[in-house]
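Breakdown of the fold
Residue strings, one per chain:
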Amino acid sequence: MRRLAIPTLVFALIAGTAGIAGPASAAPAGTKGGGAGGYFTPGSDKKVILTDGADRRPGGRNAAEQQATADESRPGRYIVELAEEPLTSYAGGSSGLARTRPEAGDRLDVTSAPARAYRSHLDAQRSAVAAAAKVQVTAAYTTAFNGFSAKLTTEQVTALRADKRVRAVTASRALGTPTPPPTAPIATTTATATPEQRDQSAGADTAGRPDTPGKPGPGTGAGMVIGVLDTGIWPESASFAKKMPAPANWRGTCQTGVAFVAEHCNGKIVGARYFADSWLAYGGTVPEGEILSPRDVAGHGTHTASTAAGLSLPNVTIDGRRFGPVSGVAPDAQIAVYKVLWGGMGYDADIIAGIDAAVADGVQVINFSIGSQLGDWEANTPIGIAFLNATLAGVFVAASAGNTGIVSGAISNAAPWVTTVGAAVTKLDEATVKLGDGTKLVGGSLDALPGGDSLPMVFGDQAGSPDLGAVYCEPGSLDSAKIKGKVVACALSDMFGSAAEIKAKGGAAMVVFDPVGNYRINSIFNFPVVYLPTEKQAGTLFNYLMRHPTDAKASVRSGGDGSSVPGLPSVADFSSTGPDKVTLGVFKPDLVAPGSDIIAAVSPAGNFGRNYDAYSGTSMASPYVAGAAAILRATHPDWSPGAVASALRTTATDTVGTTDPLEQGSGFINLAKATDPGLVIQPTAKELVTFSETAQPDGKELNLPAISLREYDGTRPVTVTRTLTNVGKTKETYRSSVSGLPGMKVTVSPASVTLAPGQSATVTITVRRGGAPWDRYVTGSITWQGKAHSARIPVAARPWGITPRPYADDGEEFGRMTNGAFGSVQPGFTGPFVGRSTGYTPMRRTSYSMPAGVYGGVFDPKATGVKKVDFTVPANTAGIVVETTTDDPNTNLDLYLYKGDKLIYSSDRYWTSTEQAYKFLPEPGRYTAYVFAQYPGGPVVDFQLGHAIIGRNTTYAGATLEAPASVERGLTYSFKLKPTKPLADGDFWAYTEWSTNGTVVPGNLVYTQQSSWE
């Protein structure tokens, strides 16, 4: 099968790179080709990448070319952090140098005499360190980070690490995308196009004049400056068309460059800078099509800036269609631009320079819509330390969580001092495809759809050249005579290229399906396009087309029945989920905000000449929170960043479809309530600094508005404290209550607190496992309810039994499947260790035959070429294991395990028919295994289906369990399970269970064969 790979984060991660965390879109990578060997051919996979439009031009520099080969000691690019504190956190102590760190509630003043003196001291120290190691400094930092970046030899790395004046030497990383995203609009204008030229370009659009607002006030962010680290800005946008005076404490500048002049900083854009020193030092030049200036040629930075603080506009028109009013969250806040990405990529060294400048310039809020493909992999990175120091200087930081929702625990920007934002769907934007047999498929669309009667429908592969990619409707692949006036169905690839191909050749509409399931995302194509995102929809549509190769029909209309999402607002399926896999005790994401189908300003140079466009991603959600933070900072000038973060989190509300804080964090942002939260829960600066200086930090004791217990010892209670502070105007009594957390025993002491304005109280929270499951998350919340206010914090607890795991419970139990000859466990407790086993039960195999379906087809439970087999799973079942095999080397089988309509497990490797699906400790009930002959070797498919249902308290063929008598937390121990006498031929499964001091801990599903018995 020509598989479409699972979508990755915004940008693909290559050799340590990372990427912008949105918007979500689909883009191909890999070979093009058709269905000559089947509709979806093995060996020519197409990757689907969530993109952000950051490099919408051909010729962007490949990440592998830009990425340093440096590791922890080899020659390459490095960031050197010096031992002394930067301006933001220097508290005094050096002879003759006064404190520069601002007092709580104050702002850093880099122009003060103490700041100038201490900066001179840091400059001298840096020069001395560099000279001692004979290093040429590329970029220097003193405000939010004390250090420099440089290209180092192995000897220089060693020398610097031995220097007591150096705190850390870290290999530099490139962030960005190696692949232009063809599903996003390709540039149709140049970066230096004049406004008149843009208006004449294809697809030009308008926004109308900015609304005339009332008197600016705290509710609109007036007086606040939001620093946006991104791809730059398109200054001519109507979203920024307002002259405003700079705030009195503004110390930034307007850095001119190619196609960017001083007049572009009109006050709404209060400052602009670009940072490319490291890029130029290491790469020699910026990518083709980029320009050395703050101007945005991609669109991402303009979109995030206008989402946070764009002016209110009465109506936006895109490609001649009216999309209604748009506004930034804080329309009277001002924007400071820090261009740190080039062609959608940038070095962390340049990003730190941008953070350093933003803090020195005097921003109150930073937005950082940049992240790693599979989330953070280490704590306290140089960027993270820079953000810590920005926070200590009073700057609130919002950052995107990432777009890898399909992979749990892949959270970007997980530092506890950063507000990490997931994405929520807040608009349906549904569309319905009604097939000729009456089947309705609800997908998404932002385009005008024809509606009306059904039209002829044709599959792209049957309407063009397979060798040119007709299955994906690739440009140049379709025959105009075969698609004219018809709805054309295409497998997911380059949606913009496919839409253009169908439009140019007279097609009436395009329906896109994804054979492996994708995220719910939409774009504006200026052509009728409906996207069906799920694998189930792909199977239904594909097999309808196979049954009706000449008489297929479909109608496409706007609107649907709401089935494409659980409800509004709901967590977007692409939004990265928790917990943080890097550090214990940190709860991420912090909350979710609108991040799907967000219309905002963009750069016409990278968006079909459009001035506005719709993007999706956590990149779009983060600036929403940044704008909200600007409003709270304006409303409460004395609040710290921690107080702002707490107010946003404790007042958030549940999304629809989940209350799981691993998905929604504290919930969906509720800005109206956040302005008056009653209580705040915020960590002290000392707590955060200690966390940042710990090699393996555990954040459970940080005074954060959440509790995360990822790998705690479930044999004993866990106690944490939280300090509540009344930021309201009246004395109020708050009573605690616990919700969710099934099986857990949670107590709060004291149960209620009475606080006067400004008063604080510390409460003790004790968590006992009770009857909660081992090695799985249990989630819920604690609420403090007052007469006028309510504050809620999420709780997630995972008692560690025999397998620590930094991920969520996504249906797959890591470490549970093992071979009896060499099993292993890693207990989360210390003490006696007693094991038992059920003994071995055989895998029961049955032979089946079924008629072949389509060669290289798409799975659909109702299609030909699919065999359905039901199993009843009783209560107290330890596990179910299902396997497929075939003797035909030309047949490829896939296996899907369902419980009702819910997919439990899929095994669909295209290179083998030996597939296995399993479920540990399954819920009792009826299960269904579907065997799909994706590649039938002939008209009849012969195969074997095996299954084993292993009871938890059942006794099977005898087995001897060898295991240690006692264990120590965190160590790995081996065990063996051997049959007491020879077994018959075949495969066998058993269950092991462990106990310590009478507490039972579920164990492993253990496999053996007759040939493995000794």
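For every chain, the first residue of the written sequence is number 1, and numbering continues from 1 onward in sequence order. Since the coordinates come from a predicted model, pLDDT governs what is reported: local features require at least 70, and pairs of side-chain atoms require 80 or more to be given and counted, while whole-chain, interface and lining totals use all residues. Values shown for side chains rest on all heavy atoms present in the structure; no hydrogens or waters enter the calculation.

Quick word on the overall build of the protein chain
Helix and strand definitions follow DSSP, with helices as H or I runs of at least four residues and strands as E runs of at least two, each counted in order from the N terminus. If you tally the helices and strands in the protein chain, you get 16 helices and 56 strands. Burial status follows relative accessibility: with a 1.4 Å probe on protein chains alone, a residue under 20% of its type maximum counts as buried, one over 50% as exposed, and anything between as partly exposed. Buried residues in the protein chain amount to 60% of all 1014 residues. For the protein chain, contacts bridging at least 24 residues in sequence account for 75% of all contacts bridging at least 6. With an accessible surface of roughly 35,200 Å², the protein chain has 51% of that area assigned to carbon and sulfur atoms. Working rule for contacts: check all heavy atoms of both residues, and any pair within 4.5 Å makes them a contact. We get accessible surface area from the Shrake-Rupley algorithm with a probe of 1.4 Å; when it comes to residues, only the shown protein chains can shield them.

With respect to a nonpolar patch on the surface
Exposure above 30% relative accessible area and the absence of a salt bridge qualify a residue for a patch, where like charges join within 9 Å and nonpolar side chains (Val, Leu, Ile, Met, Phe, Trp, Tyr) within 5 Å. Whenever Lys or Arg places a side-chain nitrogen within 4 Å of a carboxyl oxygen from Asp or Glu, that contact is recorded as a salt bridge. A cluster of nonpolar residues, Leu374, Trp377, Ile406 and Val407, forms a patch on the protein surface that exposes about 360 Å² of accessible area. Among the secondary structure elements, isoleucine 406 is positioned in the loop between β17 (396–400) and β18 (419–425).

A word on the sheet that holds strand β46 (residues 877–885)
The sheet built from four strands is open, its strands ordered β44-β51-β46-β49 with antiparallel pairing. One side of each edge strand has no neighbouring strand; the edge strands of this open sheet are β44 (844–851) and β49 (915–920). Averaged over all pairs of adjacent strands, the angle between their axes in this sheet comes to 20°, without regard to strand direction. Sheet topology note: the β44/strand β51 (residues 940–951) ladder contains eight bridges and is antiparallel. What sits directly across from arginine 845, in β51, is glycine 946. For two strands to count as paired, DSSP must find a minimum of two bridges between them. Only C-alpha atoms enter the line fits that serve as axes; for helices the fit covers just the stretch in contact. Angles between N-to-C directions range over 0 to 180 degrees.

Side note on the environment of asparagine 249
Positionally, asparagine 249 belongs in the loop between β9 (225–230) and β10 (269–274). Accessibility expressed as a relative area gives 32% for asparagine 249, which makes it partly exposed. Residues asparagine 249 and aspartate 109, 140 residues apart in the sequence, show an inter-C-alpha distance of 8.6 Å. Residue contacts for asparagine 249: discarding those within four places in its chain leaves Arg107, Asp361 and Gln364.

Comments concerning the confidence of the model for the protein chain
Scored by pLDDT, the protein chain has a mean of 88; 88% of the residues are at 70 or more. pLDDT gives the predictor's per-residue confidence on a scale running from 0 to 100. Low confidence marks residues 1–19, where pLDDT is under 50. Its contacts with residues over four positions away, or in another chain, come to 108 contacts. In this model, residues 177–204 is a region of pLDDT below 50 whose contacts with residues beyond four sequence positions or in other chains number 86 contacts.

Comments concerning the pattern of salt bridges
Summed over all chains, the structure comprises 28 salt bridges. Salt bridges sharing common partners tie together Glu81, Glu85 and Arg167.

Points about the side chain of arginine 295
Position of arginine 295 relative to the elements: it lies in the loop between α5 (277–283) and α6 (300–309). With a relative accessible area of 3%, arginine 295 lands in the buried category.

Focus: the side chain of asparagine 403
Position of asparagine 403 relative to the elements: it lies in the loop between β17 and β18. Side-chain atoms alone can form a polar contact between residues adjacent in sequence; in general such a contact is a pair of N or O atoms within 3.5 Å, and within protein one must be able to donate a hydrogen while the other accepts it. Among the polar contacts listed, one links the side chain of asparagine 403 to the side chain of threonine 618, at a separation of 3.0 Å.

Considerations on the state of the cysteines
Cysteine sulfurs are considered disulfide-paired once they come within 2.5 Å of each other. A full pass over the atoms with the stated rule returns two disulfides. Here cysteine 254 connects covalently by a disulfide to cysteine 265, the sulfurs 2.1 Å from one another. Around the S-S axis, the bridge from cysteine 254 to cysteine 265 shows a dihedral of about 80° and counts as right-handed. Here cysteine 265 lies in the loop between β9 and β10 and cysteine 254 lies in the loop between β9 and β10, a separation of eleven residues in the sequence. For cysteine 254, a relative accessible area of 21% puts it in the partly exposed group. Through a disulfide, cysteine 473 is tied to cysteine 490; the S-S separation comes to 2.1 Å. Residues cysteine 473 and cysteine 490 are joined through a disulfide that is left-handed, its torsion about the S-S bond being -90°.

Quick word on the packing of helix α7 (residues 348–361) against helix α8 (residues 382–392)
Between α7 and α8, the shortest axis-to-axis distance is 10 Å and the interhelical angle comes to 5°. By the criterion of interaxial angle, the relationship of α7 to α8 is roughly parallel. When α7 is examined against α8, the residues Asp348, Ile351, Ile352, Ile355 and Val359 are found in contact with a partner set consisting of Pro382, Ile383, Ala386, Phe387 and Ala390. Geometric relationships in this document are graded by angle, where less than 35 degrees denotes roughly parallel, more than 145 denotes roughly antiparallel, 65 to 115 denotes roughly perpendicular, and other angles denote oblique.

Topic: the nonpolar core
Formed by 72 residues in total, the largest nonpolar core has its most connected members in Ile226, Phe396, Ile502, Val625 and Leu648. No other element matches the nine residues that helix α12 (residues 618–635) contributes to this core. In this view, phenylalanine 396 contacts Gln364, Val365, Ile366, Thr419, Val625, Ala629, Arg633, Pro641, Val644, Ala645 and Leu648; residues no more than four positions away in its chain are not counted. Take the buried Ala, Val, Leu, Ile, Met, Phe, Trp, Tyr and Cys residues and link them wherever side-chain atoms come within 4.5 Å; each set so joined is a nonpolar core. If you look at the next biggest cluster of nonpolar residues, it comprises 55 residues, including Tyr141, Val363, Leu392 and Leu702.

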